[in-house]
Amino acid sequence: MAAPGGWRGALWSRGGGKMAAPMQRGLCGGAGRWRGALGSRCLTAAAASPWRLLGALCLQRPPRITPALSPVQEEMARLVQQIEVEKSHFSDHEIRHLVEEEQLQKKKYNIQDEATDSGQAILLAQDLEDAWEQKFQSFKAGHRLTDADKCNDRTSLNRKLDRNLVLLVKQQVGSQEQWLLPQAEWQAGETLRSTAERVLATLSGNHIRAKFLGNAPCGFYKYKFPKAFRTEDSVGAKIFFFKALLQSDDMLQAERRGEYAWVSKGELGDYLKPDYLKQITSFLMDQ
Amino acid sequence: MLAAACGAARLLSGVRGGAGSSLLSSQLSWTIQFRGNHWQTSMLAFQASLPMRAEPKKKKKVDPKRAQVQKDRMKKKIKKLEKASQEMIPIEDFFTPTKFLDASRVREISPLSFEESERRALLLKKWALYKKIEHDAEMETLKSLMAAQEEALNELRLESEELYQAAIKRDDDLFPYEKEGPSYTPQIPGYEAPEGKCIDVTKVYTH
C-alpha cells in the first residue's frame, strides 16, 4: 500500500484522525460536485467521498532506435556469429569465389596460357563484393546521437531515441506552479479515460494522435490538501493515470501555453516531488 | 408418313379433280421429288428423317433429364475426389535441396584450441548469468506494473463503482494494434529509397 504524499510536504498522519468527520458531514449530496450529478445511476449507500477525482495522462514516446549493446551482449553476438559460420556450408557465392581464386593462382604460374583467358568471365566474386561494400559506404545513416541530445533540449522529441520519453507539464495546482503529468479534473458524466483524452486534446488542440492502452488506469496518486484548503467535500485529491503511446511524429506546437518537457524515467527526479515520483516510477518501464 | 404422303396426293387429286389426269400425275411426282435428302421420306413431317426416327420421340422432356443425370454423375465424381485426402503442400524449408548435400560444400575448420574452447565456455556461463539477471529485472518491472494497476483499480472502486465498471471494461479498439519497432539508426526525414525490383519466386500450390 503506497503511502499517499502530502501537499507541500505536509504529512498525512496529522490529518488521519480527522478523516471520519468530514465524511459524515459530506453525506448530503446537495452541492452536487460530482456525486449528485450522477443522478439515478449513483449507488444508493455510497457516502459522498471527500476525494476529488482527477484524470491524468501519461503520454509516452516509444523508442525509435534499439539500445546500444552492452559489452557482454556484443561478445556473445560475435561468438554466435562465429559458431554460425563454422557450422554452415559454403554458399554459391563463396564457391564461386574459391574457384576464381584457384584460377587466379593458376594464372600466376602459367602466364603463357592466355588463350583460355579470353573467354573467361570478367566480373569476379571479389569485384561484386567490392561494389556492394562501396554502395554500403555511400549510404549515410541517421545519427543515433542527435543534436537535441548534444544540447540537452528537453522540449525536443528527438532526444534519447533509444528510450521512452514521458511528457511533463508545468501546471497550476492550488496556488503553486508544479511540474507534473498533465491532469484535469474529472467532470460528471464522463469516464476517467475520457478525462485523460480531454487532457490530451487541450494540450495539443487535436494535433497529437495517441493510442490509449486500455480503459483501466495504470496507477494513481492521492494526497491531502493543506489544512487551510480542506473543506467538507474535498479533503484531498486522487489522480488516476492513463497510459498512451504517441503515434504522430510531429512535436507539440511551440505556441503551447506553459512549459513542457519530454523526459526519460531517470530524469523525472529533476522535476517531480519525491512522493509523486515514487508513485509514477512504479508504473513506468525502465528507461 | 407414307400414308400422309399418299393422303397429300389424294387431297391434291381431290382438289384438282376436274383437271386432266396428266396434271395429277405430274403433281404427284412433284410432291415426291422435292425432298431434302434420301432420308426425308415426306414433305410434311420434316423431322421424320431416318436417323432421327431412331431416337426416342419426345425430345423436349427427356433431354433436360439426360443433362441432369450427367450433371449428377459429374458431381458425384467431384465429391469422391474431394473426399479423398488431399495431397499435402510440401514445406520447402524441411527439404534440403540436393545441391547443398554435396561434400565439396563442407567447410574445413581446424579443431578449436584449448584457449578458444575455454573462452567460449566461460562466455556462455557469463551470458547465462546476464540473461537471468535481465529476466528477473523484467519480471520485477512487470509485477510492479501490475501491482500499481491493481491498487489504482481498488482505489477507484472505493470512489465510485460506476467508474470502476467503466474502467474494467474491455477496450475493443485496442487490438489489432500495429506499430513499427525500433531500428538501429533513426529514420532520415525525406529519404527516398533507391528504385529496385523484387521478383517473388515462392512456389504457389493450387488444387
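Whatever comes next refers back to the structure up there.
Worth saying up front: this structure is predicted, and the values here are computed from it rather than measured.

Asker: I would appreciate a short explanation of the overall build of chain B in the present structure.
Answerer: Looking only at helices and strands, chain B features 6 helices and 0 strands. Each helix (α) and strand (β) of chain B, taken in turn from the N terminus, gives the series α-α-α-α-α-α. Relative to all contacts within chain B whose residues are 6 or more apart in sequence, the contacts with residues 24 or more apart total 26%. By element, 60% of the accessible surface of chain B is carried by carbon and sulfur atoms, the whole surface being about 18400 Å².

Asker: Even after reading the chapter, I still don't get the layout of surface pockets, so can you show me in this structure?
Answerer: A probe matching the size of a water molecule, rolled over the atoms, marks out where space remains unfilled. The computed volume of the largest pocket comes to approximately 870 Å³. As for the largest pocket, its lining consists of 29 residues, of which Arg-64, Leu-161 and Asp-249 of chain A together with Pro-186 and Gln-187 of chain B are closest to the centre. Tallied by class, residues from the lining of the largest pocket come to 12 nonpolar, 10 polar and 7 charged. The computed volume of the second largest pocket comes to approximately 620 Å³. Lining the second largest pocket we find 21 residues, and of these Pro-67, Asp-286 and Gln-287 of chain A together with Glu-134 and Glu-138 of chain B sit closest to its centre. Broken down by element, the lining of the second largest pocket gets its largest block of residues, 7 residues, from helix H5 (residues 114-159) of chain B. Grouping the amino acids of the lining of the second largest pocket by side-chain chemistry returns 11 nonpolar, 5 polar and 5 charged.

Asker: What's the story with the nonpolar core in this structure? I'm lost.
Answerer: For soluble globular proteins, the rule of thumb is that nonpolar side chains tend to be buried together. Among the nonpolar cores identified, the biggest contains 31 residues, and Leu-57, Leu-59, Phe-240 and Trp-262 of chain A are the most heavily contacted of them. Elements with a minimum of two residues in this core: strand E1 (51-61), strand E2 (165-173), helix H7 (192-204), strand E5 (210-212), strand E7 (236-246) and strand E8 (260-263) of chain A together with H5 and helix H6 (161-167) of chain B. Ranked by residue count, the leading element in this core is H7 of chain A, at 5 residues. The residues touching Phe-240 of chain A, leaving out its near neighbours within four places in the chain, are Leu-53, Leu-54, Gly-55, Ala-56, Leu-192, Pro-217, Gly-219 and Phe-220 of chain A together with Ala-152, Glu-155 and Leu-156 of chain B. In this structure, Cys-58, Val-166, Leu-180 and Leu-268 of chain A belong to the second largest nonpolar core, which totals 28 residues.

Asker: Would you explain a negative patch on the surface in this entry?
Answerer: Together, Asp-127, Glu-129, Asp-130 and Glu-133 of chain A line one region of the surface with negative charge. Tracing the chain through its elements places Glu-129 of chain A in helix H5 (residues 125-138).

Asker: Just checking my understanding: could you explain a positive patch on the surface for this structure?
Answerer: Residue and element names in this part refer to chain B. Taken together, Lys-71, Lys-75, Lys-76, Lys-79, Lys-80 and Lys-83 make up a surface patch of like positive charges. Counting through the fold element by element, Lys-80 comes out in helix H4 (residues 59-83). You can call Lys-80 exposed: its relative accessible area is 68%.

Asker: Looking at this structure, how should I read the packing of helix H3 (residues 71-87) of chain A against H5 of chain B?
Answerer: In a packed pair of helices, the relevant descriptors are the angle between the two axes and the axis-to-axis distance. For the pair H3 of chain A and H5 of chain B, the least separation of the axes is 10 Å and the interaxial angle reads 130 degrees. Put simply, H3 of chain A runs oblique to H5 of chain B. Once H3 of chain A is placed against H5 of chain B, the crossing between them reads as left-handed. For the pair formed by H3 of chain A and H5 of chain B, the contact residues are Val-72, Gln-73, Glu-75, Met-76, Leu-79, Gln-82, Ile-83 and Glu-86 of chain A on the first element and Glu-116, Arg-119, Arg-120, Leu-123, Leu-124, Lys-126, Trp-127, Tyr-130 and Glu-134 of chain B on the second. Looking at side-chain class alone, the contact of H3 of chain A with H5 of chain B contains 8 nonpolar, 2 polar and 7 charged residues.

Asker: Any chance you could explain unusual backbone geometry here in plain terms?
Answerer: Note the cis peptide between Phe-175 of chain B and Pro-176 of chain B, where omega equals 0 degrees. Summarising the element assignment, Pro-176 of chain B is placed in the segment after H6. Notably, Asn-152 of chain A is not glycine yet its phi reads approximately 50 degrees, a positive angle. Along the chain, Asn-152 of chain A turns up in the loop between helix H6 (147-151) and E2. On the basis of relative accessible area, Asn-152 of chain A is assigned to the partly exposed category, the value being 39%. For Lys-160 of chain A, which is not glycine, the phi torsion reads 50 degrees and is therefore positive. Note on placement: Lys-160 of chain A falls in the loop between H6 and E2.

Asker: Teacher, can you tell me more about helix H8 (residues 274-282) of chain A here?
Answerer: Helical periodicity: at 3.6 residues per turn, an α-helix aligns residues three or four positions apart in one direction. All names here are of chain A. Taken residue by residue, H8 has Tyr-276, Leu-277, Gln-279 and Ile-280 as its buried positions. Along the axis of H8, the buried positions cluster into a sector of 165 degrees, meaning they face one direction only. In this structure, H8 carries Pro-274 and Lys-278 as exposed residues pointing more than 90 degrees from its buried face. Among the structural elements, strand E3 (176-180), strand E4 (183-185), strand E6 (219-224) and E7 are those in contact with the buried residues of H8.

What counts, and where the lines are drawn
- Residues numbered from 1 in each chain as written.
- Chains lettered and ligands numbered in written order.
- Predicted model: local features only at pLDDT ≥ 70, side-chain atom pairs only at ≥ 80, totals over all residues.
- Heavy atoms only, no water.
- Helix = DSSP H or I, 4+ residues; strand = E, 2+ residues; numbered from the N terminus.
- Contact = heavy atoms within 4.5 Å.
- Areas by Shrake-Rupley, 256 points an atom, 1.4 Å probe, with all protein chains shown as cover.
- 1 Å grid on protein atoms, 1.4 Å probe; cavity = no way out; pocket = protein on both sides within 12 Å on 5 of 7 lines; lining within 4 Å.
- Points joined across faces, edges and corners; volume = space filled by probe spheres on them.
- Nonpolar A, V, L, I, M, F, W, Y, C, P; charged D, E, K, R; others polar.
- Core = buried A, V, L, I, M, F, W, Y, C linked by side-chain atoms within 4.5 Å.
- Buried < 20%, exposed > 50% of the residue type's maximum accessible area, 1.4 Å probe, protein only.
- Patch = residues over 30% accessible without salt bridge, like charges linked within 9 Å, V, L, I, M, F, W, Y side chains within 5 Å.
- Salt bridge = Lys/Arg side-chain N within 4 Å of Asp/Glu carboxyl O.
- Lys, Arg positive; Asp, Glu negative; His and termini not counted.
- Charge placed at Lys NZ, Arg CZ, Asp CG, Glu CD.
- Axes fitted to C-alpha atoms, helices over the stretch in contact; angles between N-to-C directions.
- Parallel < 35°, antiparallel > 145°, perpendicular 65-115°, else oblique.
- Left-handed = near helix turned anticlockwise from the far one by under 90°.
- Arc of directions from axis to C-beta.

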